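Summary of structural features
Each chain, written out:
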Amino acid sequence: MANVRLLGRLFLLVMVGSVSCTKNNLNIPEPAPTIAGTYQLLTTNARLPIQGDNLTLTIQSVTNNTVGIVLRSSLNGQAVDSLTYQKVAVEQNFDSSLFLGATAISVGCISYAIYLSPQKTTDLLRMTCSEKNVMYYYYTPAGQTGVTIIKFKKV
């Protein structure tokens with residue numbers, strides 16, 4: 001009799017479990033096409049990574065998770081220098097909350113990181129959830145030890 005009750009409960013548990021299970025799909029956009037575009041340097045007093053007084057960052061989708069990057073500089077409107085990365089991986093991170101001051105707001109946002117060197121400490125591009133369509137470039141200028149950060153806004 002105890003075995004019959006146990007089997008009945010087990011059957012009921014399996015039926016309820018199978019009926020209540022639903023498939024929840026989270027559709028995360030492909031990283032490379034999402035961040036592809038042209039970004040213009042926002043005002044900065046930082047030392048720039050290449051010569052010039054203005055920078056333009058172009059990110060092109062190569063595959064769904066890799067990009068080609070061109071950083072172009074100009075001086076008085078004339079092209080001066082460029083820095084090119086042919087194929088670099090884009091990493092995605094899912095941010096479930098955003099902090100504004102001391103207040104956490106649940107947003108469910110995806111941030112992106114592009115590491116331009118194997119060390120993954122400097123020389124990277126990062127788009128966070130704190131500002132829309134803004135790419136941060138972290139790099140160490142030649143002859144310095146500290147990291148410099150400049151901002152680009154998608155145009």
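Residues numbered from 1 in each chain as written. Predicted model: local features only at pLDDT ≥ 70, side-chain atom pairs only at ≥ 80, totals over all residues. Heavy atoms only, no water.

Observations concerning the overall build of the protein
Assigned secondary structure in the protein consists of two helices and eight strands. Listing each helix as α and each strand as β along the protein from the N terminus yields α-α-β-β-β-β-β-β-β-β. When burial is assessed residue by residue, the protein has 28% of its 155 residues classed as buried. Put simply, of all contacts in the protein between residues at least 6 apart along the chain, 38% involve residues at least 24 apart. Summing over all exposed atoms, the protein offers an accessible surface of approximately 10100 Å²; the carbon and sulfur share of this is 54%. (Helix = DSSP H or I, 4+ residues; strand = E, 2+ residues; numbered from the N terminus. Buried < 20%, exposed > 50% of the residue type's maximum accessible area, 1.4 Å probe, protein only. Contact = heavy atoms within 4.5 Å. Areas by Shrake-Rupley, 256 points an atom, 1.4 Å probe, with all protein chains shown as cover.)

Describing the side chain of Thr148
The residue Thr148 is located in strand E8 (residues 148–154) in this model. Those residues in contact with Thr148, other than ones at most four positions away along the chain, are Ala46, Arg47, Tyr137, Tyr138, Tyr139 and Pro141.

Some thoughts on the nonpolar core
The biggest cluster of nonpolar side chains holds 25 residues, and the ones touching the most others in it are Ile35, Leu57, Ile59, Ile114, Met135 and Phe152. Residues contacting Met135, with those up to four places away along its chain left out, are Ile35, Tyr39, Leu57, Ile59, Leu125, Arg126, Met127, Ile150, Lys151 and Phe152. (Core = buried A, V, L, I, M, F, W, Y, C linked by side-chain atoms within 4.5 Å.)

Focus on the pattern of salt bridges
The final tally for this structure, using the stated rule, is one salt bridge. Lys151 is paired through a salt bridge with Glu131; the nearest N and O atoms lie 3.1 Å apart. Pair noted here: Lys151 is in strand E8 and Glu131 is in the loop between strand E6 (124–127) and strand E7 (134–139), with a separation of 20 residues, a long-range link. Overall, the relative accessible area of 29% leaves Glu131 in the partly exposed class. (Salt bridge = Lys/Arg side-chain N within 4 Å of Asp/Glu carboxyl O.)

A look at the confidence of the model for the protein
The share of residues in the protein with pLDDT of 70 or more is 75%, and the mean pLDDT across the chain is 82. Considering each helix and strand of the protein separately, the mean pLDDT is smallest for helix H1 (residues 2–20), with a value of 51, and largest for strand E1 (residues 37–41), with 97. (pLDDT = per-residue confidence, 0-100.)

Notes on the side chain of Ser117
Assignment of secondary structure puts Ser117 in the loop between strand E5 (103–115) and E6. Overall, the relative accessible area of 14% leaves Ser117 in the buried class. The contacts of Ser117, once residues within four sequence positions are left out, are Thr122 and Asp123.

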